[in-house]
Amino acid sequence: MANHWWEIQILCDLDLEETIFWRLEDFGCRGMASERQKNDGNVCLVKAYLPQEQVKLLDLAALSLWLRQDALLVGLEPPKMQWHLIDEEDWASSWKQYWQPQEVGDRILIYPAWLPVPEKSERLLLRLDPGTAFGTGNHATTQLCLEALEMRLDDLPNSNREDIVIADIGCGSGILSIAAILLGASQVYAVDTDIMAVNATHSNRQLNQISADRIIVGQGSVLTLPQMTQVSFDGIACNILADVIIQLIPQITSVSKPSTWGILSGILIDQAQSVADTLEHYGWTVATLWRRKEWCCFNVRRS
Ligand SMILES: C[S@@+](CC[C@H](N)C(=O)[O-])C[C@H]1O[C@@H](n2cnc3c(N)ncnc32)[C@H](O)[C@@H]1O
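All figures in this text were calculated on a predicted structure; none of them were measured in a lab.

Peer 1: Would you mind going over the site of the ligand with me for this structure?
Peer 2: The local shell around the ligand holds 16 residues, among which Thr142, Gly170, Asp192, Ser221 and Asn239 are the closest. Separating an oxygen atom of the ligand from a side-chain N or O atom of Asp192 is a distance of 2.7 Å. The contact in question runs from an oxygen atom of the ligand to an N or O atom on the side chain of Asn239, over 2.8 Å. Burial of the ligand by the protein chains amounts to 83% of its free accessible area of 600 Å².

Shown next, in the form of structure tokens:
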């Protein structure tokens, strides 16, 4: 049976675009795009997609109500929202039209797999077909991780970088694993509880012509890592939600060594304190906290 996706279409005042993106992200949408209307530059059409089984009709109606309230609160015309089901194939092609190459940080260019590879690029080309897995590089939480990885790895001399082994917990499309290799890390062990993410990471590794012994992927979570390797991790990247990260901190601690650093993202600013408290309890120091929109990313190290 074909998988179906909700396509949500929202016609709104341009000033509401940012708030609507925020709501849609929070709602769990994967793949969002916005287009200015040709006949009125102050109006845009936002489209967002999510798997059918993820929400019920009632949830969509509630979302529509929130959007209405958000608009009324700031004195703007309420947006017009409609939704319908589309086949997975249509979802993939609708969404692919909108996803464009994107520069992240100083060195990386995320590049959709279906576009022809540019002959020359001053940036590291990270080719990606996320399929249904999370991790296109559009999301603030992923961008924060990519920038943090760049900073961590660029700070090291080349000779040291070649020995760096990283764990990518919740690898999604494999975007962080691939970025780490492009930035010079030696090996990445990537895990995700979702088999679709594991498959996406495998195929994106191949797409980027990275050998299978440099990105090793497994289905599972932190405690799967010691079954995959005896090597200790120099760095850990984990972009999941705060509640999950808090639960995983003891396990993350158990697979790290005294010099391990960590990049933890997917944390809403309101939840930062409870993550920081748990980290401190397990002997981690928050070196820096980076913010983008309502999200933050912790750069941590063992005390
Ligand atoms: C927000 S996505 C991050 C994807 C990618 N790493 C990125 O930065 O864009 C979170 C991923 O974590 C996975 N996940 C959720 N809970 C997990 C857990 N307890 N252990 C491992 N992976 C988990 C999800 O399946 C999802 O693919």
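Peer 1: Looking at this model, I keep getting lost on the environment of Leu183. Mind explaining?
Peer 2: Topologically, Leu183 is positioned in the loop between helix H6 (175–182) and strand S9 (187–192). A sequence separation of 102 residues divides Leu183 from Met81, and the C-alpha atoms of the two residues are 42 Å apart. Every residue in contact with Leu183, bar those within four places of it in the chain, is listed here: Arg107, Ile108, Leu124, Leu149, Glu150, Leu153, Asp154 and Arg161.

Peer 1: Mind showing me how you'd approach the domain arrangement of the protein here?
Peer 2: Accessible area lost during the coming together of the parts is what is often quoted as the interface size. If you check the domain split of the protein, you get domain 1 (4–97) and domain 2 (132–302). The gap between the C-alpha centroids of domain 1 and domain 2 is 30 Å. Facing eight residues of domain 1, the contacting portion of domain 2 comprises seven residues. Where domain 1 packs against domain 2, one counts zero salt bridges. Where domain 1 meets domain 2, there are three residue pairs in polar contact (both at pLDDT 80 or more). When contributions to the side of domain 1 that touches domain 2 are tallied by element, the ones reaching two or more residues are helix H1 (17–27) and helix H3 (88–98). Of the residues assigned to the side of domain 1 that touches domain 2, the class counts are four nonpolar, no polar and four charged.

Reading the values: the criteria
Residues numbered from 1 in each chain as written. Predicted model: local features only at pLDDT ≥ 70, side-chain atom pairs only at ≥ 80, totals over all residues. Heavy atoms only, no water. Near = heavy atom within 4 Å. Polar contact = N/O pair within 3.5 Å; in protein donor to acceptor, adjacent residues only side chain to side chain. Areas by Shrake-Rupley, 256 points an atom, 1.4 Å probe, with all protein chains shown as cover. Helix = DSSP H or I, 4+ residues; strand = E, 2+ residues; numbered from the N terminus. Contact = heavy atoms within 4.5 Å. Domains from an automatic or database assignment. Salt bridge = Lys/Arg side-chain N within 4 Å of Asp/Glu carboxyl O. Nonpolar A, V, L, I, M, F, W, Y, C, P; charged D, E, K, R; others polar.

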